[in-house]
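Here are the chains, one letter per residue:
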Amino acid sequence: MRNFKNLFLLIGIFGLASGVSSCSEGSKTFTTNEIKVKVATPSKAPAVALFAHLKEGNVEINSAANNVIAYLTTASDKDMVIAPTNAGISAIVQRNAEFKIAATVTFGNFYLLKTGKDSDNKLSEGDKVLAFQETNVAGRLFKYVYGDLNLNTTYLADVTAVKNEILTNTNFDYDYVLLAQPDVNEILRSQTAYSVYANVQTDFKAKSGGKEITQASIFVKNTSNKDDVVETLNTIKNDVDALLDNTSNLIEATKDVENEVFASKLGSTKEELKSLLDDNNQLGIGFKKAKDNKASIDEFISTFGMGKTSEEIYFNY
């Protein structure tokens, strides 16, 4: 009995020392200690990986993704940048940015909605589709998955432009629309004739022979302190695992984050994001070491006309 008591005492001591906070008995826990390295990420889905660190001084969450991508230079003061996987690899390969890819944290949140205007309710040649980012992630994925159907596709600048077109154009005349969560749910609530037609992630996996979308990844600077970087990567993995294990961790970890601040950083309300995570993880959040997922990364960047990655660009830890 004494040995068991000593074991429980040690567990309690180490649990307190690790800076981990528990939300519910038996569930995984998120970290409460602050991140040591300087991290930058675009807002919305990629930033969800940092849900437990939204108000920390070393964490920059920027609503302009291009501003974050701009940190992928040798002169950058950031130790870690979360960016579109293709953009980060391009910075390393084409501009010699002194970064390496360490892990992927978002795996796609794109959905195709039908508007109720297509008489046969089947995506086929000539159907009118409104999509976005023709030369960026969403558009490239759409072409990869559905490009052989000879669709009549119009592209707008971004997902917000598509959403606004749906909500404001009284002569809206498209059969299908491409959107990303959480905007999908907003449109489904306001447009009762709309419904989900296809999960782009599922269709990509079928088209690619089992590969997955590696939408946004963590890139780490070569000259940063490796121990601190590895500790931060482990922290993010722990937090993501805890979030997927128990989505109530999102509410608990952000209880001191004002609703407006939360929405500006993660793109929706706490309850909405929790609901999307509960519903088969529609935000596409996860954590996989990049070097262990090279085949999927190569398939994803091939949609941009990029060749296979070399082992040298991967961060080993």
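Above this text you will find the structure in question.
Section: the sheet that holds strand E6 (residues 99-106)
Now for step 1: Taken together, the 6 strands give an open sheet; going across it, the order is E4-E3-E5-E12-E6-E13, and neighbouring strands pair in mixed fashion. Here the strands that pair on one side only, and so sit at the sheet edges, are strand E4 (59-62) and strand E13 (285-289). Adjacent strand axes in the sheet meet at a mean angle of 25°, parallel and antiparallel pairs treated alike.
Now for step 2: Bridge count between E6 and E13: 3 bridges; the pairing is antiparallel. The residue bridging Ala 103 from the neighbouring strand is Lys 289, located in E13.

Some thoughts on the pattern of salt bridges
Pairs may arise between side chains of opposite charge once their charged atoms sit close together.
Now for step 1: Tallying each qualifying case throughout the model produces 15 salt bridges.
Now for step 2: Across the pair Asp 173 and Lys 128 runs a salt bridge, and its minimum N-O distance is 3.4 Å. You can see Asp 173 sitting in the loop between helix H5 (159-168) and strand E10 (176-180) and its partner Lys 128 sitting in strand E8 (residues 128-132), a full 45 residues away along the chain.
Now for step 3: Relative accessible area serves as the criterion here: at 44%, Asp 173 is assigned to the partly exposed category.
Now for step 4: Residue Glu 252 pairs with Lys 255 through a salt bridge whose shortest N-O separation is 3.0 Å.
Now for step 5: A relative accessible area of 29% means that Glu 252 is categorised as partly exposed.
Now for step 6: Judged by its relative accessible area of 55%, Lys 255 falls in the exposed class.
Now for step 7: Salt bridges linked by common partners bring Lys 163, Asp 183 and Glu 186 together as one network.

Digging into the pairing of E8
Now for step 1: Most of E8 sits inside the fold, with 4 of its 5 residues counted as buried.
Now for step 2: In this structure, E8 lies alongside strand E9 (residues 152-156), joined through 5 bridges in parallel fashion. Bridge pairing links Lys 128 to Asn 152 in E9.
Now for step 3: Once the chain exits E8 it traverses helix H4 (residues 137-146) before rejoining the sheet at E9, and the crossover so formed is right-handed.
Now for step 4: Bridging between E8 and E10 involves 2 bridges; their strand directions are parallel. Counterpart to Val 129 in the pairing with E10 is Tyr 176.

What about the packing of aromatic side chains?
Centre-to-centre distance and the angle between the planes together describe a pair of aromatic rings.
Now for step 1: Taken as a whole, this structure holds 8 aromatic pairs when the rule is applied.
Now for step 2: Judged by centre distance (5.2 Å) and plane angle (50°), the ring pair of Phe 142 and Tyr 146 falls under tilted. Here Phe 142 and its partner Tyr 146 are both found in helix H4, 4 residues apart, which amounts to about one turn of the helix. Each member of the pair Phe 142 and Tyr 146 is classed as buried.
Now for step 3: Consider the rings of Tyr 144 and Phe 204, whose centres lie 4.9 Å apart with planes at 35°: the pair is tilted. Highlighted residues: Tyr 144 in helix H4 and Phe 204 in helix H7 (residues 200-207), separated in sequence by 60 residues.
Now for step 4: The class for Phe 204 is buried, based on a relative accessible area of 0%.
Now for step 5: Taking NZ or CZ as reference, Lys 143 lies 5.3 Å from the ring centre of Tyr 155, over its face.

Criteria and thresholds
Within each chain, residues carry numbers counting from 1 in the order of the written sequence. Given that this is a predicted model, residues contribute local features only at a pLDDT of at least 70 and side-chain atom pairs are listed and counted only at 80 or more, while totals for whole chains, interfaces and linings are drawn from all residues. The side-chain numbers reported here are obtained from all heavy atoms of the structure, hydrogens and water having been left aside. By the convention used here, strands pair only if DSSP detects at least 2 bridges between them. Only DSSP runs of H or I covering at least 4 residues are called helices, and only runs of E covering at least 2 are called strands; the numbering of each starts at the N terminus. The axes are straight lines fitted to the C-alpha atoms, using for helices just the contacting stretch, and the angles between their N-to-C directions are given from 0 to 180°. What counts as a salt bridge is simple: a side-chain nitrogen of Lys or Arg found within 4 Å of a carboxyl oxygen of Asp or Glu. Buried, partly exposed and exposed residues are distinguished by accessible area as a fraction of the type maximum, computed with a 1.4 Å probe on protein chains only: under 20%, between the cut-offs, and over 50%, respectively. Handedness of a crossover is defined as follows: with both strands directed away from the viewer, a clockwise route from the first strand across the helix to the second makes it right-handed. Aromatic rings from Phe, Tyr and Trp, taking only the six-membered ring of Trp, are treated as a pair when their centres fall within 6.5 Å; an angle between ring planes under 30 degrees marks them as stacked, one over 60 as edge-to-face, and anything in between as tilted. We call a charge positioned above a ring when the Lys NZ or Arg CZ atom is no farther than 6 Å from the ring centre and deviates by at most 35 degrees from the ring normal.

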